[in-house]
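One letter stands for each residue in the lines below.
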Amino acid sequence: MAGILTGEGVGPEVISAALQVLQAIEQASGIAVQLRYGGPIGLAALRDSGTCLSPEVIDFCTNVFADGGCIFCGPGGGDFVYRLRERFDLYCKFTPIHELAALHGVSRIKPAYLAGIDMIVVRENSAGLYLGDSGIENLPCGDRLATHQFRYKSSQVERILDVARRLAQARRGSLTVVTKPGGIPAISSLWLDALESMETEGLTVRRLEIDYAIYQLLSAPHEFDVIVAPNMFGDVLSDAAALLMGARGVSYSGNFGPAGRAVYQTGHGAAKDLAGTNQANPLGQIQSLAMMLRESFGLQEQAQWIHRAIDRVLRAGWRTLDIAEPDSRVVGTREMGEIVADAVQAEADAGQLMYGS
Ligand SMILES: NC(=O)C1=CN([C@@H]2O[C@H](COP(=O)(O)OP(=O)(O)OC[C@H]3O[C@@H](n4cnc5c(N)ncnc54)[C@H](O)[C@@H]3O)[C@@H](O)[C@H]2O)C=CC1
Ligand SMILES: CC(C)CC(=O)C(=O)O
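Residues numbered from 1 in each chain as written. Chains lettered and ligands numbered in written order. Predicted model: local features only at pLDDT ≥ 70, side-chain atom pairs only at ≥ 80, totals over all residues. Heavy atoms only, no water.

Points about the UniProt feature "domain: Isopropylmalate dehydrogenase-like" (unreviewed entry) in the protein
Within this structure's numbering, the places UniProt gives as "domain: Isopropylmalate dehydrogenase-like" (unreviewed entry) are residues 1-340. As a span, residues 1-340 carries 41% helix and 20% strand, and end to end its C-alpha atoms are 22 Å apart. (UniProt positions renumbered as here; feature names shortened; annotations may be inferred. Helix = DSSP H or I, 4+ residues; strand = E, 2+ residues; numbered from the N terminus.)

Structure below.
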């Protein structure tokens with residue numbers, strides 16, 4: 001079962017396109033995913049309930065998780081995602097970054113640097129800068145003073161490093177740990193000490209500082225497999241890495257906590273400039289659907305149908321405006337959802353022909 005939070009801005013449009021694709025999966029496989037719908041989130045909720053994560057949405061998520069489901073979420077602004085992660089201890093965010101070969105032509109990065117890239121940014125989601133205490137005070141001299149204090153416990157660092165270590169062991173065995181010893185010495189030491197005392201036999205471990213890590217990510221992306229970082233560095237790394245896939249509109253992620261709790265979302269935001277125009281790219285939300293099917297429902301094959309369908313659609317020249325090339329067949333959000341849904345059906349049929357089932 002999946003709980004749907006449609007989000008704000010372009011959220012309802014990209015969620016609706018993704019659900020068209022889910023319908024195609026259901027028709028092709030005979031699997032039925034039960035859906036429940038929750039209320040508004042983010043700045044839309046703030047207007048009505050005075051908070052970006054309302055008590056109703058907390059109850060909704062609590063019930064979905066208690067019934068063994070996960071959340072499929074459109075973008076939401078304000079502090080919605082931080083409060084959600086805090087409330088349900090969604091301490092781990094995975095952002096997969098993989099080659100979308102059909103989009104080499106729209107990338108700002110030369111194709112030779114993009115071929116075969118395949119990495120996952122593992123972001124610590126439960127502490128650090130974004131979960132700190134802050135305030136602004138008016139000083140007697142007339143100046144204003146803003147302060148922000150943030151912290152990490154070694155147990156929080158150890159659990160995320162352990163997730164990243166296990167992921168790297170299951171993949172190509174390369175782990176990059178990103179800190180900034182000169183800039184945030186105490187927290188960087190905590191991370192690097194935890195890394196030092198962790199069993200990393202069989203892994204190639206790199207320690208990079210955030211500034212050079214971003215430079216390397218964009219100049220030598222093949223060198224990355226699993227990257228793990230504190231909250232804010234992980235946010236910046238995953239947004240920058242999205243450039244390697246072609247555009248912000250195709251980026252996606254999953255947030256994970258204990259007891260199988262999971263929230264799947266886009267990497268891009270509410271894109272309010274595009275809301276209601278049927279121009280938003282739904283491929284990020286659709287890829288997060290594939291991630292949900294694979295990680296929460298164990299539907300590997302169906303997730304692959306989606307990725308292959310997207311490749312097929314992009315190679316055929318179908319594009320939303322943000323990823324259009326001069327000879328593209330430009331379509332809107334809704335139409336892209338329909339085209340990918342049809343391509344999913346074609347992938348499912350091709351699979352049946354191949355295996356004769
Ligand atoms: N996953 C989430 O829930 C996220 C939510 N946000 C929230 O979204 C709001 C807007 O954030 P911004 O920083 O402006 O980032 P944004 O991603 O919403 O927009 C940045 C630029 O990317 C474009 N863009 C984004 N998604 C697109 C798509 N699917 N197709 C085509 N173009 C797309 C927008 O039109 C805009 O020009 C804020 O309230 C922010 O807090 C931001 C990032 C992630
Ligand atoms: C701005 C947020 C709503 C989303 C984001 O960028 C995050 O994951 O921290």
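Overview of the side chain of K93
In this structure, K93 sits in strand 4 (residues 92-98). A polar contact of 3.3 Å, which involves the side chain of K93, links it to the side chain of Q265. Dropping the residues within four chain positions of it, K93 is found in contact with R85, V121, V122, R123, N125, S253, G254, N255 and Q265. (Polar contact = N/O pair within 3.5 Å; in protein donor to acceptor, adjacent residues only side chain to side chain. Contact = heavy atoms within 4.5 Å.)

Digging into the site of ligand 2
Within the structure, ligand 2 sits among G76, V81, Y82, R85, K93, R123, Y130 and D235. Within the side chain of R85, one N or O atom sits 2.9 Å away from an oxygen atom of ligand 2. K93 places a side-chain nitrogen or oxygen 3.1 Å from an oxygen atom of ligand 2. The protein chains hide 72% of the 280 Å² of surface that ligand 2 would expose on its own. When residues in the shell around ligand 2 are grouped by element, the largest group, three residues, is from helix 4 (residues 80-87). (Near = heavy atom within 4 Å. Areas by Shrake-Rupley, 256 points an atom, 1.4 Å probe, with all protein chains shown as cover.)

Observations concerning the site of ligand 1
Around ligand 1 sit 19 residues in total, of which R248, G269, A271, D273 and N281 are the nearest. With respect to ligand 1, the side chain of Q265 contributes an N or O atom lying 3.1 Å from a nitrogen atom. Residue G269 places a main-chain N or O atom 2.7 Å away from an oxygen atom belonging to ligand 1. Computed on the free molecule, ligand 1 has an accessible area of 810 Å², of which 67% lies beneath the protein chains in the complex. Looking at the shell around ligand 1, its residues break down into six nonpolar, 10 polar and three charged. (Nonpolar A, V, L, I, M, F, W, Y, C, P; charged D, E, K, R; others polar.)

Overview of the packing of aromatic side chains
Applying the stated criterion to the full structure yields six aromatic pairs. With a centroid separation of 5.7 Å and 80 degrees between ring planes, the pair formed by F256 and Y264 is classed as edge-to-face. Taking the relative accessible area as the measure of exposure, F256 reaches 17% and is therefore buried. On the basis of relative accessible area, Y264 is assigned to the buried category, the value being 0%. Through a chain of ring-to-ring contacts, three or more aromatic side chains come together here, namely F94, F256 and Y264. A cation over a ring is seen here: R159 above Y91, with NZ or CZ 3.8 Å from the ring centre. (Phe/Tyr/Trp six-rings, centres within 6.5 Å; stacked < 30°, edge-to-face > 60°. Buried < 20%, exposed > 50% of the residue type's maximum accessible area, 1.4 Å probe, protein only. Lys NZ or Arg CZ within 6 Å of the ring centre and 35° of its normal.)

Structural notes on the sheet that holds strand 4
Sheet architecture is open: 10 strands sit in the order 2-1-3-12-11-4-5-10-8-9, paired in mixed fashion. Of all strands in the sheet, those with a lone pairing partner are strand 2 (35-37) and strand 9 (204-209), marking the two edges. When strand polarity is set aside, the average angle formed by the axes of neighbouring strands in this sheet is 20 degrees. Note: strand 8 (residues 174-179) against strand 10 (residues 226-229), three bridges, orientation parallel. Among the inter-strand pairings, V177 is bridged to a residue of strand 10, identified as V228. Where helix 4 meets the sheet, its contacts fall on strand 1 (2-5), strand 3 (70-73), strand 4, strand 5 (118-124), strand 11 (252-256) and strand 12 (262-266), and the angle it forms with strand 12 comes to roughly 165 degrees. (Pairing = 2+ DSSP bridges. Axes fitted to C-alpha atoms, helices over the stretch in contact; angles between N-to-C directions.)

Focus on empty space enclosed by the protein
As enumerated under the stated definition, the model contains one cavity of 30 Å³ or more in all. Sorting the residues of the lining of the largest cavity by element identifies helix 4 and strand 12 as the ones contributing at least two each. Looking at the lining of the largest cavity element by element, the count peaks at four residues for helix 4. Its residues assigned to classes, the lining of the largest cavity shows six nonpolar, two polar and one charged. (1 Å grid on protein atoms, 1.4 Å probe; cavity = no way out; pocket = protein on both sides within 12 Å on 5 of 7 lines; lining within 4 Å. Points joined across faces, edges and corners; volume = space filled by probe spheres on them.)

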